[in-house]
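Report on the structure
The primary structure of each chain is shown beneath.
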Amino acid sequence: MSAVIDDHGHGHEHAHGPAKGLMRWVLTTNHKDIGTMYLWFAFIMFLLGGSFAMVIRAELFQPGLQIVEPAFFNQMTTMHGLIMVFGAVMPAFVGLANWMIPLMIGAPDMALPRMNNFSFWLLPAAFLLLVSTLFSPGGGPNFGWTFYAPLSTTYAPASVTFFIFAIHLMGISSIMGAINVIATILNLRAPGMTLMKMPLFVWTWLITAFLLIAVMPVLAGVVTMMLMDIHFGTSFFSAAGGGDPVLFQHVFWFFGHPEVYIMILPAFGAVSSIIPAFSRKPLFGYTSMVYATGAIAFLSFIVWAHHMFVVGIPVVGELFFMYATMLIAVPTGVKVFNWVSTMWEGSLTFETPMLFAIAFVILFTIGGFSGLMLAIAPADFQYHDTYFVVAHFHYVLVPGAIFGIFASAYYWLPKWTGHMYDETLGKLHFWLSFIGMNMAFFPMHFVGLAGMPRRIPDYNLQFADFNMVSSIGAFMFGATQIFFLFIVIKCIRGGAPAPAKPWDGAEGLEWSVPSPAPYHTFQTPPDVK
Amino acid sequence: MMRHPPVWMGLLLWTVFGQANAAWTVNMAPGATEVSNAVFDLHMTIFWICVIIGIVVFGAMFWSMVVHRRSTGQQAAHFHEHTWVEIMWTVVPFLILVAMAIPATKTLIDIYDASESDIDIQVTGYQWKWHYKYLGQDVEFFSNLATPADQIHNKAPKDEHYLLEVDQPLVLPVGAKVRFLVTAADVIHSWWVPAFAVKRDAIPGFVNEAWTRIEKPGIYRGQCTELCGKDHGFMPVVVEVKSKADYDTWLGERQAEAAKLKELTSKEWTLEELVERGDKVYHTTCVACHQAEGQGLPPMFPALKGSKIATGPKEDHLGIVFHGKPGTAMAAFGKQLSEVDIAAVVTYERNAWGNNKGDMVTPKDVLALKQAEAQ
């Protein structure tokens, strides 16, 4: 590939290090700088979205209305979901991809560095626009992160238009990021790095990127249809004009279900590097992991209506989506069995990345179990839109996506900063997060089964005790993340110097460059045997 | 630490099951119909399957974590990939799923068979109340939240059925096959009674079917389960199930009341009578948006106190209440309220909170508007 032709040893001044000052960050086309910015942006959004969750849990701490009015409560649930999905989890994974994919495949940078810069800088603009709606007359989006029409069209606050533009910007950013990932992986692999030699993180991101390109335009389509309904007199989602509110849900969930896997597949990949590293044993079934990821990605396109079991789709449709959804358990099971077999007869140690990775497997599996329960359509008639669903998707997203990101961050922090993080503090962060998370979300299964609907600001006394437990757990989980910020800053500022390969069981090209990784790496492609 | 959560959940189920302390309920209740019992059985079957798989998978993980630690001097094995093992752990879960899909399919087909019903009820979701219409019986009414605002704002102690109580419950007879035709007037709502395992989205412009046959008389409570705006959490469903004889008596009384209401339209009303009735109508129908003192929640829900509409020409005021305001949350109450109630509430709004217009809209004015519309 001509793009990787050697660039080493020449006298370009900027080739030796970053530019100075603020403009380094504004103008940078370096994958490491952009990766760092994505990760910081994601963390800031994680704290912001988390603070909205704290408002929700504070209001739900006791029955009755104490802290906020229902209208504002709805804005909090909506913004919490939007910010966590589009602002925290997705950018964090793009940040990891930027940092690690070139290092893992022996490429000097991402394939499209200028576009990389643009796709990052769209995000602060998009979220500024989105968050500013909270201060507009009528308030911000209050229709849930799933923004079902007509609540989000005819009955929406005026700020919905800003919300639509913000979603468009996020979508453009995601699509450009995905194109960049695909172009990099398909074109910039070092000689000898065949597809089936790529680390699983690279594989899962490749598949994730294709999912993004497939579904982000669908999301853009659905918000554009909303825009037309609101401002240009169309009736896509209004029965009075010949449209159909359920059409919205079909289009939304055609995006929404693959989106769920977009938020989990890269974590699968990262964990598939971390568990072998700390088990000192190769991944049990590399090939089956790749195929299982592909199978999950394929199935994600044919299960969307399981989010709509109670909208009144015909019984044949209901059966199809029930069976297809249950099938997802098969490749997901393959993955879990692979991780367990990798640990089996290994030589295990439990550093922070491994703790988060093991918790990921266990808790994600619990989320998978409740997912299987939700797939049973007749039972879903009872679970649907209750706190059982809230428990389910927080069990897949918090230990899945968020713990996957924490595991990755601790695993690669030595490579990024050149320092070891403080292991004691890292473990403390893990245990506080683990306990807080389970305390916050496990009781939600109970109140959901007992009949508490989701997205309500107030509830009957029978749900009071478990809600209080949930709130205490949530406050604990939330406060713990400020502690994570402290650990990361401490690691950046100092700590034991990290060797090129700080984990004795780790595999991969990223450990062949010094720690911290120099500003430019693999200007000469490495040899991959 | 909670290393075996599904087992832990299972143990909790056993210890807490059946105890009177409802506050710590951890599981679904079997309910009061054949379908809800079938759903409950499915729920418990899939739950125990998950528990067993969980014990196997997490058991293997914990075994490795304890036995295969480096600190015990464990050397890492180097095996990977094993075709038979991989085939088995693909095929066995698949067979378990097939076994689970069979009873689920049977129950689902049963849930969808709403044919040959004895009674048809049209259920319509409004922001934020339910409307029930007994098709062919000339009985219809709204069912509003009955919990006082003082309890919600913590100024009074909350009672047992806090937020799960209504002014007029849906009344049904025991043992009859009841078909629900579920729809909505504004946004999407969802009508749910857990004890019947009936949950159906109420979608504006479309009608969904559901059915139930309740085995035990009693009062059953549920809630709206689709986010429908500000007061989504404040539109409960209450169903009172009576014996066949009691139900017939109740239905007869309601039919007589409906006939009486029609007569009220032709009665000569005084301003005081209308304001008195309008006060009640306002505080069940309008208060959620326009608030107790008519101050509204601008800009989504405008104030009525001193507003141009409520202090302007009474024809315009009546028009807005009757037709609603397209593109906003203001519904067309001409289709929701009786002539008397519309007249009363408009008159009330024109004379409350210092609006003091001193004029009145009579039920006959409303009837005239209705007839003009019909032509």
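Thresholds applied
- Residues numbered from 1 in each chain as written.
- Chains lettered and ligands numbered in written order.
- Predicted model: local features only at pLDDT ≥ 70, side-chain atom pairs only at ≥ 80, totals over all residues.
- Helix = DSSP H or I, 4+ residues; strand = E, 2+ residues; numbered from the N terminus.
- Rg over C-alpha atoms; globule rule 2.2 N^0.38 Å.
- Buried ≥ 20, exposed ≤ 12 C-beta atoms within 10 Å, placed from the backbone.
- Contact = placed C-beta atoms within 7 Å.
- UniProt positions renumbered as here; feature names shortened; annotations may be inferred.
- Domains from an automatic or database assignment.
- Pairing = 2+ DSSP bridges.
- Axes fitted to C-alpha atoms, helices over the stretch in contact; angles between N-to-C directions.
- Nonpolar A, V, L, I, M, F, W, Y, C, P; charged D, E, K, R; others polar.
- Expected span 1.5 Å × (residues − 1).
- Bend = angle between axes of the 7 residues up to and from the residue.
- pLDDT = per-residue confidence, 0-100.
- Parallel < 35°, antiparallel > 145°, perpendicular 65-115°, else oblique.
- Left-handed = near helix turned anticlockwise from the far one by under 90°.
- Core = buried A, V, L, I, M, F, W, Y, C linked by C-beta atoms within 7 Å.

Some points on the overall build of chain A
A count of helices and strands for chain A gives 16 helices and zero strands. The C-alpha radius of gyration of chain A comes to 23 Å, within 12% of the 24 Å expected for a compact globule of 529 residues. Residues counted as buried form 64% of the 529 residues belonging to chain A. The contacts of chain A with a sequence gap of at least 6 include a subset with a gap of at least 24, amounting to 83%.

Considering the overall build of chain B
Broken down by element type, chain B carries 10 helices and 10 strands. Whereas a compact globule of 375 residues would reach a radius of gyration of roughly 21 Å, chain B reaches 28 Å, over 25% beyond that. Considered along the principal axes of its C-alpha atoms, chain B spans approximately 95 × 50 × 40 Å. By the burial criterion, 38% of the 375 residues in chain B qualify as buried. In chain B, 64% of the contacts between residues at least 6 apart in sequence involve partners at least 24 apart.

Structural notes on the UniProt feature "domain: Cytochrome oxidase subunit I profile" (unreviewed entry) in chain A
In this structure's numbering, the residues bearing the UniProt feature "domain: Cytochrome oxidase subunit I profile" (unreviewed entry) are residues 25-529 of chain A. In residues 25-529 of chain A, the share of helix is 68% and the share of strand is 0%. The end C-alpha atoms are 36 Å apart.

Some words on the domain arrangement of chain A
All names here are of chain A. Taken as a whole, chain A is organised into domain 1 (34-256) and domain 2 (264-521). Using C-alpha coordinates to define each centre, domain 1 is positioned 19 Å away from domain 2. Counting only elements with at least two residues in the side of domain 1 that touches domain 2, the list comes to α2 (31-59), α3 (70-105), α6 (200-231) and α7 (245-262). Top contributing element to the side of domain 1 that touches domain 2 by residue count: α3, with 12 residues.

Description of the sheet that holds strand β8 (residues 208-213) of chain B
Residues and elements named next belong to chain B. On the basis of which strands lie adjacent, the open sheet formed by five strands has the order β3-β2-β1-β5-β8 and mixed pairing. In this open sheet, the two edge strands, each paired with only one partner strand, are β3 (139-143) and β8. Taking the axes of each pair of neighbouring strands and ignoring which way they run, one obtains an average angle of 25 degrees across the sheet. Sheet analysis places strand β1 (residues 119-126) next to strand β5 (residues 177-184), joined by seven bridges and oriented parallel. Opposite I121, over in β5, you have F180 as the bridge partner.

Thoughts on the domain arrangement of chain B
By convention, interface size is frequently given as the accessible area that disappears when the constituent parts associate. Residue and element names in this part refer to chain B. Taken domain by domain, chain B comprises domain 1 (5-66 + 81-111), domain 2 (119-254) and domain 3 (265-374). Each of domain 2 and domain 3 has a C-alpha centre, and these two points are 26 Å apart. Taken together, the residues that form the side of domain 2 that touches domain 3 break down as three nonpolar, two polar and three charged.

Describing helix α6 (residues 271-290) of chain B
Residues and elements named next belong to chain B. If you check α6, its first and last C-alpha atoms are just 22 Å apart, much less than what 20 residues at 1.5 Å a residue would give, namely 28 Å. When the local axis directions of α6 are compared, the greatest deviation, roughly 50 degrees, occurs at T284. Looking at α6, one finds that the buried residues are L274, V275, G278, V281, Y282, T285, C286, A288, C289 and H290. The inward-facing, buried residues of α6 abut α9 (339-351). Looking at the residues trailing α6, positive phi occurs at Q291, about 70 degrees.

Things to note about the interface of chain B and chain A
The interface is formed by 85 residues belonging to chain B together with 84 residues belonging to chain A. Those elements that provide at least two residues to the side of chain B that touches chain A are α1 (5-16), α2 (34-67), α3 (83-111) and β7 (198-202) of chain B. The class makeup of the residues in the side of chain B that touches chain A is 49 nonpolar, 24 polar and 12 charged.

Observations regarding the environment of W25 of chain A
All names here are of chain A. For W25, the location among the structural elements is in helix α1 (residues 23-27). The partly exposed category is assigned to W25, around which 18 C-beta atoms lie within 10 Å. Apart from the residues within four sequence positions on either side, W25 is in contact with D33 and M37.

With respect to the confidence of the model for chain B
Mean pLDDT over chain B works out to 89, with 94% of the residues at or above the 70 mark. Per the prediction output, this complex has pTM 0.90; the corresponding ipTM is 0.91.

Some details on the sheet that holds strand β4 (residues 170-173) of chain B
Residues and elements named next belong to chain B. Strand order in the open sheet formed by three strands is β4-β10-β9, with mixed pairing between adjacent strands. Because the sheet does not close on itself, it has two edges, and the strands there are β4 and β9 (218-223). Each adjacent strand pair in this sheet contributes to an overall mean axis angle of 25 degrees, direction not counted. Lying over the sheet, helix α5 (residues 244-264) contacts β4 and β10 (236-242), oriented at roughly 135 degrees with respect to β4.

Re the pairing of β5 of chain B
Pairing between β5 of chain B and β8 of chain B: six bridges, direction antiparallel. Directly across from K177 of chain B, in β8 of chain B, lies its bridge partner R213 of chain B.

What about the packing of α9 of chain B against helix α10 (residues 363-374) of chain B?
All names here are of chain B. For the pair α9 and α10, the least separation of the axes is 8 Å and the interaxial angle reads 120 degrees. As far as their axial angle goes, α10 and α9 are oblique. Considering the relative orientation of α9 and α10, their crossing is right-handed. Residues E339, V340, I342 and A343 of α9 form the contact with α10, whose participating residues are P363, D365, V366, L367 and K370. When its residues are assigned to classes, the contact of α9 with α10 shows six nonpolar, no polar and three charged.

A word on the packing of α6 of chain A against α7 of chain A
All names here are of chain A. Orientation of α6 relative to α7, taken along the N-to-C sense of each, is 155 degrees, at an axis distance of 9 Å. Compared by their axis directions, α6 and α7 come out roughly antiparallel. The two elements α6 and α7 cross, and the hand of that crossing is left-handed. Here α6 contributes T208, L211, L212, A214, V215, V218, L219, G221 and V222 to the contact with α7, which in turn contributes F248, V251, F252, F254, F255, P258, E259, Y261 and I262. Broken down by class, the residue content of the contact of α6 with α7 amounts to 15 nonpolar, two polar and one charged.

With respect to the nonpolar core
Residues and elements named next belong to chain A. Core analysis: the biggest nonpolar cluster contains 282 residues, and F360 and A407 have the highest contact counts within it. Element by element, the count of residues in this core is highest for α3, at 22 residues. Ignoring any residue separated from it by four or fewer positions in sequence, one finds A407 in contact with A270, V271, I274, P353, F356, A357 and F360.

Quick word on the confidence of the model for chain A
Considering every residue of chain A, the mean pLDDT works out to 94; 97% of them sit at 70 or more. Confidence over residues 1-14 of chain A falls short of pLDDT 50; this stretch has 17 contacts with residues more than four positions distant or in other chains.

A few points about unusual backbone geometry
Along the chain, S515 of chain A connects to P516 of chain A via a cis peptide bond; the corresponding omega equals -5 degrees. Assignment of secondary structure puts P516 of chain A in the segment after α16 (464-493). For the bond from Q127 of chain B to W128 of chain B, the omega torsion is 0 degrees, close enough to zero to count as cis. Within the fold, W128 of chain B resides in the loop between β1 and β2 (129-134). We note that E345 of chain A has phi near 60 degrees; this positive angle belongs to a residue other than glycine. Here E345 of chain A is to be found in the loop between α11 (329-343) and α12 (352-375). Positive phi, normally seen in glycine, also occurs at D385 of chain A, with a value near 60 degrees. Following the sequence through the fold, D385 of chain A ends up in the loop between α13 (377-383) and α14 (387-417).

Side note on α9 of chain B
Residue and element names in this part refer to chain B. Across its 13 residues, α9 extends 18 Å between first and last C-alpha, which sits within 8% of the 18 Å expected from 1.5 Å per residue. Taken across its 13 residues, α9 has 13 buried, putting it largely inside the fold. Phi for W353, located one or two positions after α9, is positive at around 50 degrees.

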